[in-house]
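Below, each chain spelled out in residue letters.
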Amino acid sequence: MTRIREHGVRVVGDVHGDLNAFRHATATDRFVIQLGDLVDHGPDSAGVMELMLDLLETHRGLFILGNHDRKLGRAFEGRRLRRDPPLEETLRQFSLPEYEGLQQRTYEAIAAAPAWLRLGRALFVHGGFHTAMLSEPPVPGLGEMSAPLSRALFGETTGRMQPDGYPERRLTWINRIPEGMTVYVGHDRRSTDGRPWRRMGRLGGTAVFTDLGAGKGGHLAWIDINDF
């Protein structure tokens, strides 16, 4: 893309309805790659999606499908799923008169959003890396679950729950990232110093975790990349 060649990329972590922070993050000439979970928890998920749709329609950015985005899309389809308070609040916002027509546009964007994206030696995904992402195109995010799609949306889980009620996750997938490749993810809040958290795997690849808790009492992170 011309914008990427001329201005580079801005990678933006989980937004979770923090519209004010997302406005700051997208005030750039760089091409924006948002790593998923645009909605739920924060004060204005509908406003965040409206801004993301503007970036899509003006070819200034895209978003990778996150698990919360997928859940919203499936709710729009009328599927039976667990209706937690953050999702209920997001659905309420989309029903407001000022957002008339936004639900259909959002659904179409979610249905079309890639589950992962590779640009040169960089790979962008919400939850975690799977080796199939090196050779296979992203699968439809609202379709049937597969191992690569599950990894893309949820990372790698142990099957156990943590005391905070969230699934316990492990990071062995980092050891499968090839040497020289960087995988940018959201989803998993690992940082302890307010900056994106980096970890190198055994093969020499690197994972960069960008979720710093926006919409959940933390803040929104973004990283500017010039070279691929």
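These figures come from a predicted structure and were not determined experimentally.

Visitor: I keep staring at the pairing of strand β1 (residues 9-12) and nothing clicks. Help me out?
Guide: Each regular strand shows side chains that alternate between the opposite faces of the sheet. The alternating pattern of β1 places Val-9 and Val-11 on one face and Arg-10 and Val-12 on the opposite face, and all of these are buried. Across 4 bridges, β1 lies against strand β2 (residues 31-34) in parallel orientation. Looking at β2, one finds that Val-11 is bridged to Ile-33. Handedness of the crossover joining β1 and β2 through helix α2 (residues 19-25): right-handed. Bridge analysis of β1 against strand β11 (residues 222-225) gives 4 bridges, and the strand direction is antiparallel.

Visitor: Please clarify how the packing of aromatic side chains should be interpreted in this entry.
Guide: One pass over the full model with this rule turns up 4 aromatic pairs. Both rings, one in Phe-124 and one in Tyr-184, keep their centres 5.4 Å apart while their planes meet at 15°; by these two values the pair is stacked. On the criterion of sequence distance, the pair formed by Phe-124 in strand β5 (residues 122-125) and Tyr-184 in strand β8 (residues 182-185) is long-range, its members being 60 residues apart. Taken individually, Phe-124 and Tyr-184 each receive the classification buried, so the pair is uniform in this respect. Clustering of aromatic rings is evident, with ring pairs tying together Trp-173, Trp-197 and Phe-209.

Visitor: Help me understand the sheet that holds β1, please; the structure alone is not making it clear to me.
Guide: The strands making up a sheet are joined through hydrogen bonds of the backbone, oriented either antiparallel or parallel. The mixed open sheet is built from 4 strands, whose spatial order is β3-β2-β1-β11. Edge strands, defined here as strands with exactly one partner in the open sheet, are β3 (61-63) and β11. This sheet shows a mean twist of 15° between the axes of neighbouring strands, independent of strand direction. Bridge count for β2 against β3 is 3 bridges, and the pairing is parallel. Of the residues in β3, the one forming a bridge with Val-32 is Gly-61.

Each value, and the rule that gives it
In this convention, every chain numbers its residues from 1, walking through the sequence in written order. Local features in this predicted model are restricted to residues of pLDDT 70 or higher, and side-chain atom pairs are both shown and tallied only at a pLDDT of 80 or more, whereas totals for entire chains, interfaces and linings draw on every residue. The side-chain quantities take in all heavy atoms of the structure and omit both hydrogens and water. For the exposure calls, accessible area comes from a 1.4 Å probe over protein chains only, and a residue counts as buried if that area is under 20% of its type's maximum, exposed if over 50%, partly exposed in between. Helical segments are the DSSP runs of H or I of at least four residues, strand segments are the runs of E of at least two, and each set is numbered from the N terminus. In this analysis, strands are considered paired if DSSP registers two or more bridges between them. Viewed with both strands pointing away, a crossover whose connecting path from the first strand over the helix to the second turns clockwise is right-handed. The rule is short: rings of Phe, Tyr and Trp, with Trp giving its six-membered ring, pair when the centres are within 6.5 Å, and they are stacked under 30 degrees, edge-to-face over 60, tilted in between. Structural elements are reduced to axes, namely lines fitted to C-alpha atoms, with helices fitted over the stretch in contact, and the angle between N-to-C directions of any two is expressed from 0 to 180 degrees.

Shape descriptors only; they carry no functional weight alone.
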